[in-house]
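Listed below, chain by chain, are the residues.
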Amino acid sequence: MIQQDGGGAVTTARTHAAPLIGSERDRLLWMYKTMQRIRLFDDRIVRLFNSGRITGALHSYVGEEAVAVGVCANLRPDDYLVSTHRGHGHMLAKGADMDRMMAELFAKETGYCQGKGGSMHIVDMSLGILGSNGIVGAGIPIASGAGTAIKIRGTDQVVSCHFGDGASNTGAFHEGINLAATWGLPVVFVIENNLYAQFTPQRMHTKVVDLAVRGQAYDIPAVSVDGNDVLAVSEAAGEAFARARSGKGPSILECKTFRWFGHAINNPGSNLGRDQAEIDAWKLKDPIPRFAKVLVDRGIATEAELEGLKRVVEEELEHSIAFAEASPSPKPEDALRHVYSELPEGCEL
Amino acid sequence: MIQQDGGGAVTTARTHAAPLIGSERDRLLWMYKTMQRIRLFDDRIVRLFNSGRITGALHSYVGEEAVAVGVCANLRPDDYLVSTHRGHGHMLAKGADMDRMMAELFAKETGYCQGKGGSMHIVDMSLGILGSNGIVGAGIPIASGAGTAIKIRGTDQVVSCHFGDGASNTGAFHEGINLAATWGLPVVFVIENNLYAQFTPQRMHTKVVDLAVRGQAYDIPAVSVDGNDVLAVSEAAGEAFARARSGKGPSILECKTFRWFGHAINNPGSNLGRDQAEIDAWKLKDPIPRFAKVLVDRGIATEAELEGLKRVVEEELEHSIAFAEASPSPKPEDALRHVYSELPEGCEL
Amino acid sequence: MRQLMVRDAIKEAIKSEMRRDPRVFLLGEDIIDPWGGSWKTMEGCYTEFGPERVRETPISEEAIVGAAVGAALCGMRPVAEIMFSDFTTRAMDQIVNQAAKFRYMTGGQASVPLVIRTAHGAGRAAAAQHSQSPEAWFVHTPGLKVVAPATPYDAKGLLLASIRDQDPVIFLEHKMNFTTEGPVPEEDYVVPLGKADVKRQGKDLTIVAHSRQVLRALEAAEQVAKEDGIEAEVVDPRTLFPLDVRTIVDSVKKTNRVVLVTEEVQRGSFAEHVASKIMEKCFYDLDGPIIFVAAKNTPIPFAPVMENFVIPDVPDIVAGIRQAMKA
Amino acid sequence: MRQLMVRDAIKEAIKSEMRRDPRVFLLGEDIIDPWGGSWKTMEGCYTEFGPERVRETPISEEAIVGAAVGAALCGMRPVAEIMFSDFTTRAMDQIVNQAAKFRYMTGGQASVPLVIRTAHGAGRAAAAQHSQSPEAWFVHTPGLKVVAPATPYDAKGLLLASIRDQDPVIFLEHKMNFTTEGPVPEEDYVVPLGKADVKRQGKDLTIVAHSRQVLRALEAAEQVAKEDGIEAEVVDPRTLFPLDVRTIVDSVKKTNRVVLVTEEVQRGSFAEHVASKIMEKCFYDLDGPIIFVAAKNTPIPFAPVMENFVIPDVPDIVAGIRQAMKA
Ligand SMILES: Cc1ncc(C[n+]2csc(CCOP(=O)(O)OP(=O)(O)O)c2C)c(N)n1
Ligand SMILES: Cc1ncc(C[n+]2csc(CCOP(=O)(O)OP(=O)(O)O)c2C)c(N)n1
Ligand SMILES: [Mg+2]
Ligand SMILES: [Mg+2]
């Protein structure tokens, strides 16, 4: 047999995942720090792209941090997460390692996918991340499959399945959620409704206003929440995951939010058609200072403490860039690996 | 150019289509007669198949006649209809010619499709029938396309799109109806809910009980009616088509009904798993005597008059069989025609 | 040895593997008892293994394959049925962009060990949307393995190998072949993926055929042996990818003449891939052009008289052999 | 003559045909102004023709193609865009089972005159799900016509021919080619489907290439002319089906050597189909085996260093030419 595979297994120190034991304060500060990890990471990659240091199709999560973080605050390391083309936020919130993410964007051998995937395909299987995905909506039936695995094994794991408003119009959405509902699978379908599918405003891609209404088509619970309020997201997600863990089946959680940048960083025109006024209004609802205010007001942290957390993240980010830059590139022939697990002796690829 | 095509155009005397002018009595008697045309045709093909005179994949509409007839009673010849694998009833209700239908089932050159299609692909394009279809749910986006054509041209035609409960779980359902809703297309989506998808009872293929609830996922009107009551169907369909004709967009019409025979005539085991008691109970709700009683009770026709109509249909049916039997078979090489409209000189297929 | 029909050989493979490996489960349309699948290949599975491991699905091919992908990523071994191979068109994203590419895109982190069983081929007057042979699409998709057994023995051994494989496998079962009988050992055995089988030895000419057409090729070979004294070698690749090019090449180097038989539309077929491989590896060994005996480049028509004309049958293969011998 | 980029040639074809024929309309994702499509091929169409004829769709590829089929059946001439050819996987049922087969299944009653424009090819570090070249699937599907222009001139003329054709056309635009410039007449003209173009005359060897690889083949041909004195003939079939076999055969009969260049995964590619046709028609004219310069049999990797390795470039073609000349 020709080993086509090998070397792919990843072990990540799980220091970045949501704290399961520890105080409520730990949890809240993890949320704050993780929002900053996402913000600073995705803010920096825009500049890295513009200066030509990274390439490929990149989608920024800036502005939407409260969704991934509020949801993932409820997840255990052994829970599964299914992501999208706009996946950096999900990765970081599930606990991914910034060095290996950055190295992947730099197309380096030390990247999560050894340079084979790039931004749209980063995963950390050891954290239960079952794909970023370049195909809109494709993760939805995959999430139902993960839920099926859980149900057959009889564990109390859950699946968090993320996707956008645009994805909710794909056939995969309908088939995937109907399957989960019919089979009573432990999946939460998180619609990250940022009001646009690429350049197309929601009203042009569907007549429905609250996408959560689609839960009725499958007879499952569904709510819409303010996706820029990390506590509201976390609470609603907590209820949905609790239902899922206790065998009560899937739910839909719609989080209304907004991305600050254009659809894709590599597409300079991709903010065309969105009003500057609309963007500005949403920037006023920035989820991070909003959450910071809650933390300070409630006496959970001082501004200086929050500033300190941010500085830690800044260091992590700088480290990741240095790590990525210093890492070796894959060899051209590495392209021939990982197509199959193995091939018979003598068989050409 | 090599003509690959030609000879396909069909002109059908439209004597069988729903009467547009004429009295309410004409319309009601057309409904009765058309239900009989469907009943007798699909009843006979079971015997023709069992005696080996016809072949292929055949799906009987017996028991569901009130749906096609109630809906098509509202259609003009220039309206479009989109059908399914279980299409004979739709064809006949839209006014198709029994001779050419039967000849198609007999795989004869005089059949609607010159023997190329068989039961699952019979159409009469001159009657605006845009396909029977062997792929479950495939007609739904096609219907939206017909609606798009109407809307662009600005006529007051409508599209009647038929499919089953099973089809409502396909991605095509979701994408097709969302498109029609968003674009405000003149399409009525008729869910012929016979409670089973092939052998699978509805509760095993979806959690939802009334499939009409799915209208909410697209923000369009949707109702469920007794699909064995031709007048109820006709009335509800009339409202939906009126909305469509006046530019108010699509609707869903769920008709609850039941097929008497197994899923497919060529599959002897295809009634397995359905209770005889369930079948018997539904036979008591036979839409034809039920409608006959209304006609007689209201003094619209005598039993003898109805019997007379049935005899006319019997003659039509016998004629169609004789016509089919007497018709020539296609030549083997005819298989090479109709792949393309035309091919360049010298080009091999 | 015990004789079994192909469908029972498949059923035996499924059941024994489900007993052996708790990660294996089934999903598809109309697969639970009393139906046991449209092709009766899963009869009794639901009764034995219950609703968790034998999962009746809605008509949602994209979700069937998608769920199989998701479960496989989580370490399960799903065996999905797509009733007719024509319906794989509904699941092409999940097959081509997800199942086939996950290992690659993740730099080897992920495995997608799943099997999609599906019925291909013509011969039932089922017309254009229920009679196709789409194997070339899958052969053209790196990351997929593609299997197409012709005999009950191969069906059982290849299916066991497929379920145990770490990669996604498209497993094609010919719908006219489910009741074909042949010897099948009761014990557990594997026919390895990537190993062709010389189903008939011969010195004059090499026939490469797969799935049902292997049986027709064997008949044709007997006929020309009797009538013309031509000894045709019949090579059944059994797995279309990984392809056992060596066995094919060895045969061609011996016979110097080739007939490729396939029920696929010829244009862009797997058979044309085999032709390219032969040309690459033994161009100078060929005494004449490779002869194709393939389906015509049309959809499959309903009328049996036309359907039979479109797909290759024994006389077509005999004619192909005679033509090849003339070169 | 006036120079245009491919994307502007496409735009000009669309606009002029929409002015001429009220049955033509557009549908797809992000196609209306101010975006004008992800590849900017429809800029200004919405502004000129309005929302009825330029239809912004949800992310619903199956419905996009399905709606095109339905409208075409009703006598319209839809031109649908599927943003990346990778996403045609979502619409394969509508493409393969509906659009391609309707005429046939209805015994010639129905015509489905539609065009699906879609961007294929690699080169943008867009990774495995945004870089494929799936033309072989469509070539393998009777009922479809498949078009792949290399130059702005061909793009305009072929698109006009495709929109006017009575059959469904898959129109492939290479995503690295949209800004390629070339002469394009202002007037209306048609490049007929099924007519290859000899893009460079030569006597020593025949190169068949399509889409972007035509341009690379031409470069390679110039290089070997200069460096080795080899005169390669470059045949661009332009339409992959109907295929102008005669022009290819005429060239091969003259040169006796063949290099096939394609950005497709080699296994099961359109190029392998061309090889089979050449073998069938001019086996005895070949001085040596046909040489393939194709993409490796892998998904497309993200890292440019690997992506470049996987897809053929000018040095690869030069090497292929030299190898062919050795035989
Ligand atoms: C099947 C498919 N169609 C189209 C695209 C191109 N595309 C990439 S992202 C995107 C918009 C997605 O919108 P949404 O789901 O709302 O997610 P968002 O980008 O807003 O986070 C589109 C159209 C794709 N990747 N896959
Ligand atoms: C995409 C697809 N999947 C599966 C089938 C096989 N099949 C044919 S009819 C049918 C059941 C359809 O159920 P429903 O939509 O309720 O229509 P009914 O037969 O009850 O009228 C199935 C599964 C098919 N033809 N197409
Ligand atoms: Mg969005
Ligand atoms: Mg039904």
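Source: prediction; values computed, not measured. (Residues numbered from 1 in each chain as written. Chains lettered and ligands numbered in written order. Predicted model: local features only at pLDDT ≥ 70, side-chain atom pairs only at ≥ 80, totals over all residues. Heavy atoms only, no water.)

K.L.:
What should I look at first to understand the overall build of chain C in this one?
P.N.:
On a plain count of helices and strands, chain C comes out with 12 helices and 14 strands. Its C-alpha atoms give chain C a radius of gyration of 19 Å, near enough to 20 Å, the size a compact globule of 327 residues would have. When burial is assessed residue by residue, chain C has 77% of its 327 residues classed as buried. In chain C, the proportion of contacts linking residues at least 24 apart, taken out of those at least 6 apart, comes to 81%. Only carbon and sulfur atoms are counted for the fraction: they give 50% of the accessible area of chain C, which is about 8,000 Å². (Helix = DSSP H or I, 4+ residues; strand = E, 2+ residues; numbered from the N terminus. Rg over C-alpha atoms; globule rule 2.2 N^0.38 Å. Buried < 20%, exposed > 50% of the residue type's maximum accessible area, 1.4 Å probe, protein only. Contact = heavy atoms within 4.5 Å. Areas by Shrake-Rupley, 256 points an atom, 1.4 Å probe, with all protein chains shown as cover.)

K.L.:
Help me understand the coordination of the magnesium ion (ligand 3) in this model?
P.N.:
For a metal bound by four donors in a tetrahedral arrangement, the ideal donor-metal-donor angle is 109.5 degrees, while six donors in an octahedral arrangement ideally sit at 90 or 180 degrees. Residues and elements named next belong to chain A. Distances from the magnesium ion (ligand 3) to its protein donors, namely Asp165 (OD), Asn194 (OD1) and Tyr196 (O), fall within the range 2.0 Å. Each donor residue of the magnesium ion (ligand 3) lies on one chain, and together they are spaced D-x28-N-x1-Y. A residue is classified by how much of its surface remains accessible, and Tyr196, at 9% relative accessible area, is buried. (Donors = N, O, S within 2.8 Å, 3.2 Å for Na, K, Ca; no water.)

K.L.:
Explanation requested: the environment of D:His140 in the structure shown.
P.N.:
Position of D:His140 relative to the elements: it lies in the loop between α6 (135-139) and β6 (145-147). Owing to a relative accessible area of 5%, D:His140 belongs among the buried residues under this scheme. Among the polar contacts made by the side chain of D:His140, one reaches the main-chain carbonyl oxygen of C:Arg267 at a distance of 2.6 Å. A polar contact is formed between the side chain of D:His140 and the backbone oxygen of C:Gly268, at a distance of 3.4 Å. (Polar contact = N/O pair within 3.5 Å; in protein donor to acceptor, adjacent residues only side chain to side chain.)

K.L.:
I tried to follow the packing of aromatic side chains on my own but got confused; where do I start?
P.N.:
In total, this model carries 25 aromatic pairs over all chains according to the counting rule given. An angle of 80 degrees between the planes, with centres 6.2 Å apart, marks the rings of B:Tyr196 and B:Phe258 as edge-to-face. Of this pair, B:Tyr196 sits in strand β5 (residues 196-197) while B:Phe258 is found in the loop between β8 (251-256) and α9 (276-284), placing the two residues 62 residues apart along the sequence. Classification of B:Phe258 by relative accessible area gives buried; the value is 0%. Geometrically, the ring pair formed by C:Trp137 and C:Phe138 is edge-to-face, given 6.4 Å between the ring centres and 80 degrees between the ring planes. Taking the ring centre of A:Trp183 as reference, the NZ or CZ of C:Arg55 above it sits at 4.5 Å. The ring of D:Phe241 carries C:Arg267 above its face, with NZ or CZ at 3.6 Å from the centroid. (Phe/Tyr/Trp six-rings, centres within 6.5 Å; stacked < 30°, edge-to-face > 60°. Lys NZ or Arg CZ within 6 Å of the ring centre and 35° of its normal.)

K.L.:
Explanation requested: the site of ligand 2 in the structure shown.
P.N.:
Surrounding ligand 2, one finds 21 residues, the nearest of these being B:His85, B:Arg86, B:Gly134, B:Asp165 and C:Glu61. Around ligand 2, the neighbouring residues derive from chains B and C rather than from a single chain. At 2.8 Å from an oxygen atom of ligand 2 is found a main-chain nitrogen or oxygen belonging to B:Gly166. The contact in question runs from an oxygen atom of ligand 2 to an N or O atom on the side chain of B:Asn194, over 2.8 Å. (Near = heavy atom within 4 Å.)

K.L.:
So what exactly am I meant to see when it comes to the sheet that holds strand β13 (residues 258-265) of chain D here?
P.N.:
Sheet strands associate in pairs through backbone hydrogen bonding, adopting either a parallel or an antiparallel arrangement. Residues and elements named next belong to chain D. Taken together, the five strands give an open sheet; going across it, the order is β9-β11-β10-β13-β14, and neighbouring strands pair in mixed fashion. Unpaired on one side and paired on the other, β9 (197-200) and β14 (291-295) mark the two borders of the sheet. This sheet shows a mean twist of 25 degrees between the axes of neighbouring strands, independent of strand direction. As defined by bridge partners, β13 adjoins β14 across four bridges and the pair is classed as parallel. From the neighbouring strand, Leu260 faces β14, where its bridge partner is Phe292. The sheet contacts of helix α8 (residues 212-228) involve β9, β10 (205-209), β11 (232-236) and β13, and relative to β9 the element is tilted by about 40 degrees. (Pairing = 2+ DSSP bridges. Axes fitted to C-alpha atoms, helices over the stretch in contact; angles between N-to-C directions.)

K.L.:
Hey, could you run me through the coordination of the magnesium ion (ligand 4) in this one?
P.N.:
Within the protein, the atoms that donate to the magnesium ion (ligand 4) are B:Asp165 (OD), B:Asn194 (OD1) and B:Tyr196 (O), at distances of 2.0 Å. Classification of B:Asn194 by relative accessible area gives buried; the value is 5%.

K.L.:
What is the right way to look at the packing of helix α1 (residues 24-50) of chain B against helix α8 (residues 230-245) of chain B in this model?
P.N.:
Two quantities define a packed helix pair, namely the angle between the helix axes and the distance between the axes. Residue and element names in this part refer to chain B. For the pair α1 and α8, the least separation of the axes is 12 Å and the interaxial angle reads 120 degrees. Accordingly, the angle class assigned to the pair α1 and α8 is oblique. In the packing of α1 onto α8, the handedness of the crossing is right-handed. Contacts from Arg27, Leu28, Met31 and Met35 of α1 reach α8 at Val230, Leu231 and Ser234. Of the residues assigned to the contact of α1 with α8, the class counts are five nonpolar, one polar and one charged. (Parallel < 35°, antiparallel > 145°, perpendicular 65-115°, else oblique. Left-handed = near helix turned anticlockwise from the far one by under 90°. Nonpolar A, V, L, I, M, F, W, Y, C, P; charged D, E, K, R; others polar.)

K.L.:
Even after reading the chapter, I still don't get the site of ligand 1, so can you show me in this structure?
P.N.:
Near ligand 1, the surroundings consist of 21 residues, among which A:His85, A:Arg86, A:Gly134, A:Asp165 and D:Glu61 are the closest. Site remark: ligand 1 is flanked by residues from chains A and D. A distance of 2.8 Å separates an oxygen atom of ligand 1 from a polar atom in the side chain of A:Asn194. Notes on ligand 1: free accessible area 580 Å², of which the protein chains cover 97%.

K.L.:
Looking at this model, I keep getting lost on the packing of helix α1 (residues 24-50) of chain A against helix α4 (residues 98-105) of chain A. Mind explaining?
P.N.:
Residue and element names in this part refer to chain A. Here α1 crosses α4 at 20 degrees, and the two axes come no closer than 12 Å. When the axes of α1 and α4 are compared, the pair comes out roughly parallel. In terms of crossing hand, the pair formed by α1 and α4 is right-handed. Residues Arg37, Phe41, Ile45 and Leu48 of α1 lie in contact with α4, whose contacting residues are Met98, Met101, Met102 and Leu105. Grouping the amino acids of the contact of α1 with α4 by side-chain chemistry returns seven nonpolar, no polar and one charged.

By themselves, these are just geometric observations and shouldn't be taken as functional.
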